[in-house]
Amino acid sequence: MTKNLYQPETLSVRAGSEMTEFGENSEALFLNSSFRFNSAAQAAARFGGSEPGNIYSRFTNPTVTMFQNKLAALEGAEQCVATSSGMSAILACVMALCSTGDHIVASRSIFGTSVQLFSNILARWGLQVTFVSLTNPADWQAALTAKTKLFFAETPSNPLTEVCDIQVLADIAHRAGAYLVVDNCFCTPAIQRPLALGADIIIHSATKYIDGQGRCLGGAVLGSKALMEPVYGFLRTAGVTMSAFNAWVFLKGLETLFIRMEAHARNAKALAIWLEAQAGVARVYYPGLASHPQHALAMQQQTNGGGIVSFEVKPKADQTQQQAAWALIDATRLISITANLGDAKSTITHPATTTHSRVTAEARLAAGISDGLVRIAVGLEHVDDLKADLSSLQNA
Ligand SMILES: *Cc1c(COP(=O)(O)O)cnc(C)c1O
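The rules we used
- Residues numbered from 1 in each chain as written.
- Predicted model: local features only at pLDDT ≥ 70, side-chain atom pairs only at ≥ 80, totals over all residues.
- Heavy atoms only, no water.
- Helix = DSSP H or I, 4+ residues; strand = E, 2+ residues; numbered from the N terminus.
- Rg over C-alpha atoms; globule rule 2.2 N^0.38 Å.
- Buried < 20%, exposed > 50% of the residue type's maximum accessible area, 1.4 Å probe, protein only.
- Areas by Shrake-Rupley, 256 points an atom, 1.4 Å probe, with all protein chains shown as cover.
- Near = heavy atom within 4 Å.
- Polar contact = N/O pair within 3.5 Å; in protein donor to acceptor, adjacent residues only side chain to side chain.
- Nonpolar A, V, L, I, M, F, W, Y, C, P; charged D, E, K, R; others polar.
- Contact = heavy atoms within 4.5 Å.
- Phe/Tyr/Trp six-rings, centres within 6.5 Å; stacked < 30°, edge-to-face > 60°.
- Pairing = 2+ DSSP bridges.
- Axes fitted to C-alpha atoms, helices over the stretch in contact; angles between N-to-C directions.
- Domains from an automatic or database assignment.
- Buried area = accessible area lost by both parts, 1.4 Å probe.
- Salt bridge = Lys/Arg side-chain N within 4 Å of Asp/Glu carboxyl O.

Asks: It is not clear to me how the overall build of the chain should be interpreted in this structure. Could you clarify?
Replies: Tallying secondary structure elements over the chain gives 14 helices and 12 strands in all. In terms of C-alpha radius of gyration, the chain reaches 21 Å, essentially the compact-globule figure of 21 Å for 396 residues. The burial tally for the chain puts 54% of its 396 residues in the buried class. A total of about 16600 Å² of accessible surface is found on the chain, and carbon and sulfur atoms cover 53% of it.

Right, here's the structure in full:
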């Protein structure tokens, strides 16, 4: 199927699909580790690269390839490299494009585990990382060194839904000969397409909205063929490959991505508006609200505000911030207490003691993540039932 002939919704249903001789209408799941050759000469040609084709599922697998091609079509990328998780997507990207002594400028408000990967693991291999404010381009400019290879941003960020101007950061990176990497996990291509806005590389945790129903772990790196070649080279050698089964689940997830993201965002906006009016809420963070500091920018870059809402719980007289947040979480009966997001089931989490607990208290506060902050990844239940589940917020 030619990429550009169809609307994105059509691509999400149709792009990437390949049919075997059996004519199946739903993509086949290839649960095999290796592929046969017709002859020794063909084996040699496949290994030598003179003949395209599958060799071994650590390198390529037809189900994984279909997933890669579908996601690439949706992001408008030349190539997609699927990985075993979102974290291994970030690892593969950095291992492929950086070497000892290189420098990365990253937003302070990225996924907690991404901070760990940069600060505690990659730092041991001589990679320098400077953390800066996501929303202040001057900080990114000032952090540049002669060794800066990558800018790494997440927009909207987790959990505060801060939004950066992708084109502005891309311009700063490009003038310095660096690449802008955007973790597009919160939006997915149904809401935001970072490559079209100037980014060079996209990271996905497919575990989240691409799956959409909390089943499988997976990730992806997307960009130009030239940039993805070393990423693929790292993957086939290091083995952070996506499993065929997970790719098959994600293929099904992508077919419903657009209608799901619209429904998540509709529910999230309604819940955010309701939260703003509750006596027990001090502040709401949602890019779709007019009160969000980067609302106008978010509405330029995104088709809607997405599905993640965070808010500060107002402590009662005898409570600390954390006690107030935990009391709210423990009072829920419907919403799942779990750190995952992007599920049909709404999830509620206390970032300071879960996803961001390994970040130092100082770094957490610098990123604006207080002990009273609660994040809800708004699911596909009726929003009235979600409001009822949070009804303790009605009293200050
Ligand atoms: C979950 C997440 C990741 C990591 O993905 P895994 O699939 O859990 O490894 C990276 N970035 C963001 C923004 C995430 O939410």
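Asks: Help me understand the site of the ligand, please; the structure alone is not making it clear to me.
Replies: Around the ligand sit Ser85, Gly86, Met87, Phe111, Glu154, Asp183, Cys185, Ser205, Thr207, Lys208, Leu217 and Gly218, and those are all the residues in its vicinity. Glycine 86 is positioned such that a nitrogen or oxygen atom in its backbone is 2.8 Å from an oxygen atom of the ligand. Interatomic distance of 2.7 Å between a side-chain N/O atom of lysine 208 and an oxygen atom of the ligand. For the ligand, the accessible surface in isolation is 380 Å², of which the surrounding protein chains cover 93%. Taken together, the residues that form the shell around the ligand break down as four nonpolar, five polar and three charged.

Asks: Just to check I follow, could you spell out the environment of valine 221 for this structure?
Replies: Within the element layout of this structure, valine 221 appears in strand E7 (residues 219-223). With 145 residues separating them along the chain, valine 221 and alanine 366 place their C-alpha atoms 29 Å apart. Setting aside its immediate chain neighbours within four residues, valine 221 contacts Gln79, Cys80, Val81, Thr83, Ala89, Cys93, Ile201, Ile202, Ile203, Met228 and Val231.

Asks: Explanation requested: the packing of aromatic side chains in the structure shown.
Replies: How two aromatic rings sit relative to each other is set out by the distance from centre to centre and by the angle between their planes. In total, this model carries six aromatic pairs according to the counting rule given. Ring geometry for phenylalanine 37 and phenylalanine 47: centres 6.3 Å apart, planes at 70°, overall edge-to-face. Taken together, the residues phenylalanine 37 in the loop between helix H1 (8-14) and helix H2 (40-48) and phenylalanine 47 in helix H2 connect sequence positions 10 residues apart. For phenylalanine 37, a relative accessible area of 26% translates into the label partly exposed. Each ring, one from phenylalanine 118 and one from phenylalanine 152, has its centre 5.2 Å from the other, and the planes form 80°; the classification is edge-to-face.

Asks: Got a minute to help me understand the pairing of E7 in this structure?
Replies: Of all five residues that make up E7, five are buried, and the element is covered over most of its length. Of the two faces of E7, both are covered, the one formed by Gly219, Val221 and Gly223 as well as the one formed by Ala220 and Leu222. In this sheet, E7 lies alongside strand E1 (residues 79-83) in antiparallel orientation, the contact comprising five bridges. The residue of E7 that forms the bridge with threonine 83 is glycine 219.

Asks: Help me out: how do you make sense of the sheet that holds strand E3 (residues 128-132) in this one?
Replies: Strand pairing in a sheet relies on backbone hydrogen bonds. The paired strands run either parallel or antiparallel. Read from one edge to the other, the open sheet built from seven strands follows the order E1-E7-E6-E5-E4-E2-E3, with strand pairing classed as mixed. Looking along the sheet, the strands with just one partner apiece sit at the ends: E1 and E3. Neighbour to neighbour, the strand axes of the sheet diverge by 20° on average, direction disregarded. As paired strands, strand E4 (residues 148-154) and strand E5 (residues 179-183) are joined by five bridges and run parallel to one another. Of the residues in E5, the one forming a bridge with glutamate 154 is aspartate 183. On top of the sheet, helix H3 (residues 62-75) reaches E1, strand E6 (201-205) and E7; it is set at about 130° to E1, its chief contact. Sitting on the sheet, helix H4 (residues 86-97) is in contact with E1, strand E2 (103-107), E4, E5, E6 and E7, with an inclination near 150° to E6.

Asks: Help me understand the side chain of serine 114 in this model?
Replies: Counting through the fold element by element, serine 114 comes out in helix H5 (residues 112-121). Among all residues touching serine 114, those that are not within four sequence positions of it are Met87 and Ile90.

Asks: Can you walk me through the domain arrangement of the chain in this structure?
Replies: Frequently, the measure chosen for interface size is the accessible area that the parts lose on association. Domain boundaries in the chain define domain 1 (8-255) and domain 2 (258-394). The interface of domain 1 with domain 2 comprises 41 residues on the first partner and 35 residues on the second. Summing both partners gives a buried area of about 3100 Å² for domain 1 against domain 2, and 61% of it is carried by carbon and sulfur. Sorting the residues of domain 1 by area buried against domain 2 places Leu160, Ile191 and Tyr209 first, and these three jointly supply 24% of that buried surface.

Asks: Explain the pattern of salt bridges to me, please; I cannot follow it from the model alone.
Replies: Side-chain pairs of opposite charge can arise where the charged atoms are in close proximity. The full count for this structure, using the stated rule, is six salt bridges. Here lysine 149 and aspartate 102 are joined by a salt bridge, their closest N and O atoms 3.1 Å apart. Of this pair, lysine 149 sits in strand E4 while aspartate 102 sits in the loop between H4 and E2; the two residues are 47 residues apart in sequence, bridging distant segments of the chain. Judged by relative accessible area, which is 31%, lysine 149 ranks as partly exposed. Aspartate 211 serves as the salt-bridge partner of arginine 215, at 3.1 Å between the closest nitrogen and oxygen. Taken together, the shared-partner salt bridges in this structure form one network comprising Glu27, Lys252 and Glu255.

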